[in-house]
Amino acid sequence: MNRGKELYKDLSRILITHEEIQHEIQSLADQLNQEYKGKELMCVCILRGAVVFFTDLIRLLDLPLTIDFMAISSYGGTTKSSGEVRMQKDLEQSVMDKHVLVVEDIVDSGLTLAYIMDILSKRGAKSVKLATLLDKPEGRKNDLKVDYACFTIPNEFVVGYGLDYDEKYRNLPDIGILDPKIYM
Ligand code: IMP
């Protein structure tokens, strides 16, 4: 990994390396391959932050599956959740009678995911579970159930591996804590 890259200069430190991420995704995939054995899965990627995690995860799943995408409004150039949740792009396929796995980059307040899980259950999915790469439980504002989390992290603003600040840093291969001087 070329950690001398320009974007790394904006980090206060690397929190999780690319290698650690790959290792945890493999463990999650092993678990999902067992739990959904004999079932067909619909994997829902929450745009845009989960894209990198999603594409790595689904390639490790040895199950018949379909993919679809949803976009929900997020921080938009700030590091604090607005608390306001808005659908920007809905699914193309029906979730009726399907086993749905929602794949998210990070759960902070939990407001975005509570909204999504509620909608999908009401639409008649057979089951709806949540897999997130990162969980920031200190920021939680509800009792959202996180079914699978690769890493639990402290209440810091992180970027990389799909996660952005003001739409940048998504292409960093590692996850790092953004230097506060970038957003202060
Ligand atoms: P929640 O609704 O507060 O749980 O926020 C979820 C969304 O906020 C995520 O999908 C991310 O887009 C964004 N988010 C929360 N924490 C971070 C962070 O540390 N870095 C980048 N984005 C974050």
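A short tour of the structure in this document, coming up.

Calculation rules
Residues numbered from 1 in each chain as written. Predicted model: local features only at pLDDT ≥ 70, side-chain atom pairs only at ≥ 80, totals over all residues. Heavy atoms only, no water. Helix = DSSP H or I, 4+ residues; strand = E, 2+ residues; numbered from the N terminus. Rg over C-alpha atoms; globule rule 2.2 N^0.38 Å. Buried < 20%, exposed > 50% of the residue type's maximum accessible area, 1.4 Å probe, protein only. Contact = heavy atoms within 4.5 Å. Areas by Shrake-Rupley, 256 points an atom, 1.4 Å probe, with all protein chains shown as cover. Lys, Arg positive; Asp, Glu negative; His and termini not counted. Charge placed at Lys NZ, Arg CZ, Asp CG, Glu CD. Pairing = 2+ DSSP bridges. Polar contact = N/O pair within 3.5 Å; in protein donor to acceptor, adjacent residues only side chain to side chain. Axes fitted to C-alpha atoms, helices over the stretch in contact; angles between N-to-C directions. Parallel < 35°, antiparallel > 145°, perpendicular 65-115°, else oblique. Left-handed = near helix turned anticlockwise from the far one by under 90°. Phe/Tyr/Trp six-rings, centres within 6.5 Å; stacked < 30°, edge-to-face > 60°. Near = heavy atom within 4 Å. Nonpolar A, V, L, I, M, F, W, Y, C, P; charged D, E, K, R; others polar.

1. Quick look at the overall build of the protein chain
Counting its regular elements, the protein chain contains three helices and nine strands. Taken from the N to the C terminus, the helices and strands of the protein chain come in the order β-α-β-α-β-β-β-α-β-β-β-β. Here the C-alpha atoms of the protein chain give a radius of gyration of 16 Å, agreeing with the 16 Å that 2.2 N^0.38 yields for 184 residues. Here the protein chain holds 184 residues, and 46% of them are scored as buried. Counted over contacts in the protein chain with a minimum sequence separation of 6, partners at least 24 positions apart contribute 66%. For the protein chain, the exposed surface amounts to about 9,200 Å²; the carbon and sulfur share of it is 49%. A gap of 2 Å separates the mean positions of the 23 positive and 29 negative side-chain charges of the protein chain.

2. Some remarks on the sheet that holds strand β1 (residues 11–16)
Sheet strands associate in pairs through backbone hydrogen bonding, adopting either a parallel or an antiparallel arrangement. Strands sit in the order β1-β9-β8 across an open sheet of three strands; the sheet is antiparallel. Edge strands, defined here as strands with exactly one partner in the open sheet, are β1 and β8 (158–159).

3. Some thoughts on the environment of Tyr161
Mapped onto the fold, Tyr161 is located in the loop between β8 and β9 (175–178). A residue is classified by how much of its surface remains accessible, and Tyr161, at 2% relative accessible area, is buried. Sequence separation between Tyr161 and Gly49 is 112 residues, and the spatial gap between their C-alpha atoms is 8.2 Å. In this structure the side chain of Tyr161 is engaged in a polar contact, spanning 3.4 Å, whose partner is the side chain of Gln22.

4. Some thoughts on the packing of helix α1 (residues 18–35) against helix α2 (residues 51–58)
One way to put it is that α1 packs onto α2 with a least axis distance of 9 Å and a crossing angle of 55°. Comparing their axes, α2 and α1 come out oblique. Crossing geometry of α1 relative to α2 is assigned as right-handed. Residues Gln22, Ile25, Leu28, Ala29 and Leu32 of α1 form the contact with α2, whose participating residues are Phe53, Asp56 and Leu57.

5. What about α2?
Buried within α2 are the following residues: Phe53, Phe54, Asp56, Leu57 and Ile58. Tucked into the core, α2 has its buried residues touching α1, β2 (41–47), β3 (65–72), β5 (99–107), β6 (127–135) and β7 (148–152).

6. Quick notes on the packing of aromatic side chains
With the rule as written, the count across this model stands at four aromatic pairs. Judged by centre distance (6.0 Å) and plane angle (85°), the rings of Phe157 and Tyr165 are edge-to-face. Arranged with centres 5.9 Å apart and planes meeting at 50°, the rings of Tyr165 and Tyr183 form a pair that is tilted. One end of the pair, Tyr165, is in the loop between β8 and β9; the other, Tyr183, is in the segment after β9, with 18 residues separating them in the sequence. Members of the aromatic cluster, joined through ring pairs, are Phe157, Tyr165 and Tyr183.

7. A few points about the site of the ligand
Around the ligand, the structure places 18 residues, and the nearest of them are Asp108, Ser109, Gly110, Thr112 and Val158. The separation between an oxygen atom of the ligand and a polar main-chain atom of Asp108 is 2.8 Å. Here the ligand loses 95% of its free accessible area of 490 Å² to cover by the protein chains. Every element with two or more residues in the shell around the ligand is listed here: β5 and α3 (111–122). A per-element tally of the shell around the ligand places β5 first, with four residues. A class-by-class count of the residues in the shell around the ligand yields seven nonpolar, five polar and six charged.

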